[in-house]
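Structural overview for review
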Amino acid sequence: AVDLPRRLLDGDHISLGNTTLKFSMLEELEEHALMQLVALTVRDPLTNAYNRRYLMDHLRGELAFAARLGTPVGLLLIDIDHFKQVNDSYGHRVGDIVLQLVAASMQRLLRPYDVLCRYGSEEFVIVGEETDEGGALWLAELIRTELEAVKFHSDLGTLNVTCSVGVAPFGAAGGTWEQLFKATDEALYASKRGGRNKVTVWTPRLSGAAA
């Protein structure tokens, strides 16, 4: 609301009765182009998941917020099993399509405020806001069974992919994002070592196992 005359700034909100207007110095096309440019800096261009750079910034902020309020955060680290064999057998074009479909399948299972990031070639990270250990485990199993059931069709035939998942709740292995990420990586390593297509929740006995 404007109580006294003053110069409007970009982004100001103006209240007129029950209606609120946003003042913008950008035309609609300019604003759309700017939003696309911003998206390029935080999104993986292949899968449209958030990128590694965004993950680090988001995770630090999310954990700081959770520490202040005492709310849980669940971290999932997902690795597509034997993805190199997909590329070697079917080609990188099919491999890229598999990555896109895997990302889209996982995104459909998430809540609007959960964040999916592509961390590496075939690795993805999910940051679950207000997600305790039980909720993170439930989501991880949902993703694992969903991907196991999906059939990917290509010119060279039908293929199935599975994933291994590591899960760790915030605070289980310490209070920093580095400790949380290390714990999740150790849990993922245990899933791979246990035969893949498996979900493992971090426990202290896994500490140092991925070294």
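Every value quoted in this text rests on a predicted model; they were computed, and no experiment measured them.

Our next topic: the pairing of strand 5 (residues 123–129). Among the 7 residues of strand 5, 6 are classified as buried, and the element is accordingly described as predominantly covered. Bridge count for strand 3 (residues 73–80) against strand 5 is 7 bridges, and the pairing is antiparallel. Bridged to L77 within strand 5 is V125. Looking at chain direction, strand 4 (residues 115–118) and strand 5 are connected through 4 bridges and run antiparallel. Bridge pairing in strand 5 links C117 to V125.

The subject of this paragraph is the packing of helix 2 (residues 52–69) against helix 6 (residues 177–193). At a closest axis distance of 10 Å, the pairing of helix 2 and helix 6 adopts a crossing angle of 110°. Put simply, helix 2 runs roughly perpendicular to helix 6. On helix 6, the residues that touch L55, M56, L59, R60 and L63 of helix 2 are W177, L180 and F181. In terms of residue class, the contact of helix 2 with helix 6 is built from 7 nonpolar, no polar and 1 charged.

The rules behind each value
Residues numbered from 1 in each chain as written. Predicted model: local features only at pLDDT ≥ 70, side-chain atom pairs only at ≥ 80, totals over all residues. Heavy atoms only, no water. Buried < 20%, exposed > 50% of the residue type's maximum accessible area, 1.4 Å probe, protein only. Helix = DSSP H or I, 4+ residues; strand = E, 2+ residues; numbered from the N terminus. Pairing = 2+ DSSP bridges. Axes fitted to C-alpha atoms, helices over the stretch in contact; angles between N-to-C directions. Parallel < 35°, antiparallel > 145°, perpendicular 65-115°, else oblique. Contact = heavy atoms within 4.5 Å. Nonpolar A, V, L, I, M, F, W, Y, C, P; charged D, E, K, R; others polar.

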